[in-house]
Amino acid sequence: MSVLEEVDVPLSAEGEACSLDSYLVLPDNSMDERIAAARRALGKTTILLGHHYQRDEVIRFADFTGDSYKLSKAAAETDANYILFCGVHFMAESADILAHEGQQVILPDLNAGCSMADMAEIGQVEECWETLLDAGVSESEILPLTYMNSAAAIKAFCGERGGLVCTSSNARKAFEWAFARAKKILFLPDQHLGRNTGHAMGIPLNEMVVYDPWQIGGGITPERLRAAKVVLWKGHCSVHQRFLPEHVDKVRAKYPGIQVIVHPECRLEVCEKADAMGSTEGLIRIVREAPQGSSFAIGTEIHLVNRLAKEFAPQGKKIVTLDDTGCLCTTMYRISPQHLAWALENLVEGRVVNRIQVRDDVKYWARAALDRMLEIRA
Ligand code: 13P
Ligand code: SF4
């Protein structure tokens, strides 16, 4: 008996699993048994990777959870035939680039993108590079470095020009790696992560300029482009950019003694006021290693903050969100239990839905950029 029979999945007249729409009308909790049964049936053929911003109803099924560095490493190391990525598009693309021959990567909802990654398109990046060269910057003095939150074509662009990918957990190492080889860095697409990293390394703010892809010549003079040590792309995360320095003051006034910890996608003014910065994995580590009774205001996506609040309450650790309106990543949220059940049950029936496949010509150089990132580690 197949798992589909066992869990009573409605089949269409042709014997094919019903469309996604038939799952979307069902309640979340009715998916639990079906997801669990499909996972059992698929066994070791399938690994389920879950980013920390996923909903509780989804992440609880993950074999492996992590920040984007840890998950890309897991994708590179697994022998499973199918990598089901509960995260966003750029993460699944990176998994496909790092996967072995024959492995297939699935993203349960293809609409799970990242608004920051969408702020840089390959055509704009090529134009920016030309602008830099026209300004008199030579290729030997600058390296392009892209945040993991970018399209595969941009990773390939960086790889082909000797640059690399970084995540929020190894941005500083990536900057150091690049500065050991070149005088300047083009960093994209997150201006905040780039500025925070440069600032922490002691690079003066006036040596970091912002290139705006929507303005002629990036909206910046050739003289300033030539003089800059870091050229930052004008991109940001709409979730993290909402945190403001006033939120830090307010939460400290409300909870005396509270520690403020934030993701480096937050603005410099927020990071400077915070007690510590970290990737999602780094933030979790800070909370886990803190003594009983500690309290934290966390500046990151609300699902992770709420999960930590629940998990650490029994140890007397108080956790609140930095901004009490709570910031949701709507694209991460798109991966619902219904999408997960749909993807898994199709897999049980031998159908791969929503496969993420990066073109071979893009893969080659994108892999070079990702391999360099894995070499410098987190
Ligand atoms: P992490 O690598 O820290 O998990 O960050 C990914 C991300 O998209 C944060 O917005
Ligand atoms: Fe992208 Fe921001 Fe969502 Fe992270 S939190 S996936 S950067 S939109």
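Look up: the structure comes first, before these words.
None of the values given here were measured: they were computed from a predicted structure.

**Regarding the sheet that holds strand 9 (residues 230-233)**
If you trace the 5 strands from one edge of the open sheet to the other, you get 6-5-7-9-8, paired in parallel fashion. If you trace the sheet from one side to the other, it starts and ends with strand 6 (164-166) and strand 8 (208-211), each paired once. Averaged over all pairs of adjacent strands, the angle between their axes in this sheet comes to 25°, without regard to strand direction.

**Topic: the packing of helix 9 (residues 171-179) against helix 10 (residues 191-200)**
Where helix 9 meets helix 10, the closest approach of the two axes is 10 Å, and the angle between their N-to-C directions is 70°. Comparing their axes, helix 10 and helix 9 come out roughly perpendicular. Crossing hand, helix 9 versus helix 10: right-handed. Facing helix 9, whose interface residues are Ala171, Arg172 and Phe175, helix 10 presents Leu193, Gly194, Thr197, Gly198 and Ala200. For the contact of helix 9 with helix 10, the per-class residue count stands at 4 nonpolar, 3 polar and 1 charged.

**A short note on the nonpolar core**
Judged by nonpolar contacts, the single largest core of 108 residues is most densely connected at Leu84, Leu145, Phe187, Ile298, Leu322 and Leu340. Looking at this core element by element, the count peaks at 7 residues for helix 17 (residues 360-376). Not counting the four nearest positions on each side in its chain, Leu340 is found in contact with Ile35, Leu48, Val58, Phe61, Leu84, Cys86 and Pro108. Among the nonpolar cores identified, the runner-up in size contains 20 residues, and Phe157, Val209, Ile220 and Leu225 belong to it.

**Quick word on the packing of aromatic side chains**
All chains considered together, the criterion is met by 5 aromatic pairs. Members of the aromatic cluster, joined through ring pairs, are Phe175, Phe179 and Phe187. Taking NZ or CZ as reference, Arg55 lies 4.3 Å from the ring centre of Tyr333, over its face. Over the aromatic face of Phe157 sits the side chain of Arg161, whose NZ or CZ is 3.8 Å from the ring centroid.

**As for the environment of Cys237**
Within the secondary structure, Cys237 is located in the loop between strand 9 and helix 12 (245-254). For the pair formed by Cys237 and Met119, sequence separation is 118 residues and the distance between their alpha carbons is 9.4 Å. Here Cys237 is in contact with Met116, Asp190 and Glu265, once residues within four sequence places are set aside.

**A look at helix 6 (residues 89-98)**
The buried fraction of helix 6 amounts to 9 of the 10 residues, a majority that puts the element mostly inside the structure. Buried within helix 6 we find Phe90, Met91, Ala92, Glu93, Ser94, Ala95, Asp96, Ile97 and Leu98.

**Observations regarding the pairing of strand 9**
Residues Val230 and Leu232 of strand 9 are buried on one face, and the alternating residues Val231 and Trp233, pointing to the opposite face, are buried as well. The pairing of strand 7 (residues 184-188) with strand 9 spans 3 bridges and is parallel. Note on strand 9: the bridge partner recorded for Leu186 is Val231. Of the pairings in the sheet, the one linking strand 8 to strand 9 comprises 4 bridges and is parallel in character. Within strand 9, the position partnered with Tyr211 by the bridge is Trp233. For the crossover from strand 8 across helix 11 (residues 222-227) to strand 9, the handedness is right-handed.

**Overview of the site of ligand 1**
Every residue lining ligand 1 is accounted for by His51, Tyr53, Asp67, Ser68, Tyr147, Asn149, Ser168, His240, His263, Glu265, Ser279 and Thr280. For ligand 1, an oxygen atom lies 2.8 Å from a polar atom in the side chain of His263. Take Glu265: an N or O atom from its side chain is 2.9 Å from an oxygen atom of ligand 1. When the free accessible area of ligand 1 is taken as 300 Å², the share hidden by the protein chains comes to 96%. Considered class by class, the residues forming the shell around ligand 1 number 2 nonpolar, 8 polar and 2 charged.

**Here we look at the side chain of Ser72**
Assignment of secondary structure puts Ser72 in helix 5 (residues 68-77). Those residues in contact with Ser72 that lie beyond four places of it in its chain are Leu98, Met148, Met373 and Leu374.

**Observations regarding the packing of helix 3 (residues 32-42) against helix 16 (residues 337-348)**
Axis separation between helix 3 and helix 16 bottoms out at 9 Å; the angle between their running directions is 35°. The element helix 3 and its partner helix 16 pack so that their crossing is left-handed. Residues Arg34, Ile35, Ala38, Arg39, Ala41 and Leu42 of helix 3 pack against Pro337, Leu340, Ala341, Leu344, Glu345, Leu347 and Val348 of helix 16. Residue composition of the contact of helix 3 with helix 16, grouped by class: 10 nonpolar, no polar and 3 charged.

Each value, and the rule that gives it
Residues numbered from 1 in each chain as written. Chains lettered and ligands numbered in written order. Predicted model: local features only at pLDDT ≥ 70, side-chain atom pairs only at ≥ 80, totals over all residues. Heavy atoms only, no water. Pairing = 2+ DSSP bridges. Helix = DSSP H or I, 4+ residues; strand = E, 2+ residues; numbered from the N terminus. Axes fitted to C-alpha atoms, helices over the stretch in contact; angles between N-to-C directions. Parallel < 35°, antiparallel > 145°, perpendicular 65-115°, else oblique. Left-handed = near helix turned anticlockwise from the far one by under 90°. Contact = heavy atoms within 4.5 Å. Nonpolar A, V, L, I, M, F, W, Y, C, P; charged D, E, K, R; others polar. Core = buried A, V, L, I, M, F, W, Y, C linked by side-chain atoms within 4.5 Å. Buried < 20%, exposed > 50% of the residue type's maximum accessible area, 1.4 Å probe, protein only. Phe/Tyr/Trp six-rings, centres within 6.5 Å; stacked < 30°, edge-to-face > 60°. Lys NZ or Arg CZ within 6 Å of the ring centre and 35° of its normal. Right-handed = clockwise from strand over helix to strand, strands pointing away. Near = heavy atom within 4 Å. Polar contact = N/O pair within 3.5 Å; in protein donor to acceptor, adjacent residues only side chain to side chain. Areas by Shrake-Rupley, 256 points an atom, 1.4 Å probe, with all protein chains shown as cover.

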